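# Observations on chain architecture
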Amino acid sequence: GIQVEQSPPDLILQEGANSTLRCNFSDSVNNLQWFHQNPWGQLINLFYIPSGTKQNGRLSATTVATERYSSLYISSSQTTDSGVYFCAMWGGSEKLVFGKGTKLTVNP
Amino acid sequence: GAVVSQHPSWVICKSGTSVKIECRSLDFQATTMFWYRQFPKQSLMLMATSNEGSKATYEQGVEKDKFLINHASLTLSTLTVTSAHPEDSSFYICSARDLNRWDTEAFFGQGTRLTVV
């Protein structure tokens, strides 16, 4: 099946710093999504990005299908950005395959 | 955006009892709903996929008789944990997608934290 690998597993930043999270996948990209899981467990949709680049405020995401990776860029991080970031991709059997996540901690 | 509502947010039940969790798509028709389980500090694990009006498809290793899934309408799916035991304690999350639109994304409920005592 499809493998989705995320890096780094953990990331600690000072408020105001920038960061890039990476997602590599083993198969052709198909409807890739980025999520932020907040401390209460809620999964918040960040981007639906099968290809190209999208931006939403301080966050942007890029998917390069030919190189089988996607990246999430967070600029001027805030403490509220803390949580776990997941990328996930739809497999051929119409199942969403998740990476193991990147735990981000932003310190004041 | 699309909204998926899950209820309850948390529940504590006694061992041996059953617990029902509801998942509703509020502003779109969910042709397919998914149920996940998440252990602490781990990723989401797909338990089953349910299509409206048909039986759910369970992932390998998931007990069908313990985790009963019903998808009675295009906006409601339920997960019933039967004869719950402490090892069933976990965070359960539902997701919904409108597969009539092939390019739509999945949206998630708030999750339910189940504690079996």
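Preceding block: the structure.
Below or above, wherever it landed, is the structure these notes cover. (Residues numbered from 1 in each chain as written. Chains lettered and ligands numbered in written order. Predicted model: local features only at pLDDT ≥ 70, side-chain atom pairs only at ≥ 80, totals over all residues. Heavy atoms only, no water.)

## What about the layout of surface pockets?
- Approximately 600 Å³ is the volume found for the largest pocket.
- In terms of lining, the largest pocket is formed by 24 residues, of which the most central are Gln37(A), Val84(A), Gln38(B), Lys41(B) and Gln42(B).
- Put simply, the parts of the chain that give the lining of the largest pocket at least two residues each are strand S9 (83-90) and strand S11 (102-107) of chain A together with strand S9 (90-97) of chain B.
- Looking at the lining of the largest pocket residue by residue, the classes come out as eight nonpolar, 11 polar and five charged. (1 Å grid on protein atoms, 1.4 Å probe; cavity = no way out; pocket = protein on both sides within 12 Å on 5 of 7 lines; lining within 4 Å. Points joined across faces, edges and corners; volume = space filled by probe spheres on them. Helix = DSSP H or I, 4+ residues; strand = E, 2+ residues; numbered from the N terminus. Nonpolar A, V, L, I, M, F, W, Y, C, P; charged D, E, K, R; others polar.)

## Regarding the interface of chain A and chain B
- Each partner contributes residues to the interface: chain A has 18 residues there, and chain B has 22 residues.
- For the pairing of chain A and chain B, the buried interface totals around 1600 Å² over both sides, and the portion due to carbon and sulfur atoms is 52%.
- Among the residues of chain A in contact with chain B, Tyr48(A), Trp90(A) and Lys95(A) are the three that bury the most area, contributing 27% of the side total.
- Lys95(A) is the partner of Glu59(B) in a salt bridge, and the nearest nitrogen-oxygen pair spans 2.8 Å.
- The interface formed by chain A and chain B includes seven residue pairs in polar contact (both at pLDDT 80 or more).
- Every element with two or more residues in the side of chain A that touches chain B is listed here: strand S4 (32-37), strand S5 (43-48), S9 and strand S10 (96-98) of chain A.
- Partitioning the side of chain A that touches chain B into residue classes produces eight nonpolar, seven polar and three charged. (Contact = heavy atoms within 4.5 Å. Buried area = accessible area lost by both parts, 1.4 Å probe. Salt bridge = Lys/Arg side-chain N within 4 Å of Asp/Glu carboxyl O. Polar contact = N/O pair within 3.5 Å; in protein donor to acceptor, adjacent residues only side chain to side chain.)

## Describing the sheet that holds strand S6 (residues 52-56) of chain A
Residues and elements named next belong to chain A.
- In spatial order, the strands read S1-S3-S8-S7-S6; together these five strands make up an open sheet with antiparallel pairing. Of all strands in the sheet, those with a lone pairing partner are strand S1 (4-7) and S6, marking the two edges. Across the sheet, the axes of successive neighbouring strands diverge by a mean angle of 15 degrees, strand direction being ignored.
- Inspection of the sheet shows S1 paired to strand S3 (residues 19-25) by four bridges, in the antiparallel sense. The residue bridging Ser7 from the neighbouring strand is Arg22, located in S3. (Pairing = 2+ DSSP bridges. Axes fitted to C-alpha atoms, helices over the stretch in contact; angles between N-to-C directions.)

## A look at the state of the cysteines
- The final tally for this structure, using the stated rule, is two disulfides over all chains.
- In this model, Cys23(A) is linked to Cys87(A) through a disulfide, with the two sulfur atoms separated by 2.0 Å. Residues Cys23(A) and Cys87(A) are joined through a disulfide that is right-handed, its torsion about the S-S bond being 75 degrees. You can see Cys23(A) sitting in strand S3 and its partner Cys87(A) sitting in strand S9, a full 64 residues away along the chain.
- With relative accessibility at 0%, the residue Cys87(A) sits in the buried group.
- Each disulfide pairs two cysteine sulfurs, and for Cys23(B) the partner residue is Cys94(B), the sulfurs being separated by 2.0 Å. With the S-S bond torsion at 80 degrees, the cross-link from Cys23(B) to Cys94(B) turns out right-handed. (Disulfide = S-S within 2.5 Å. Buried < 20%, exposed > 50% of the residue type's maximum accessible area, 1.4 Å probe, protein only.)

Purely geometric stuff here, so don't read any function into it on its own.
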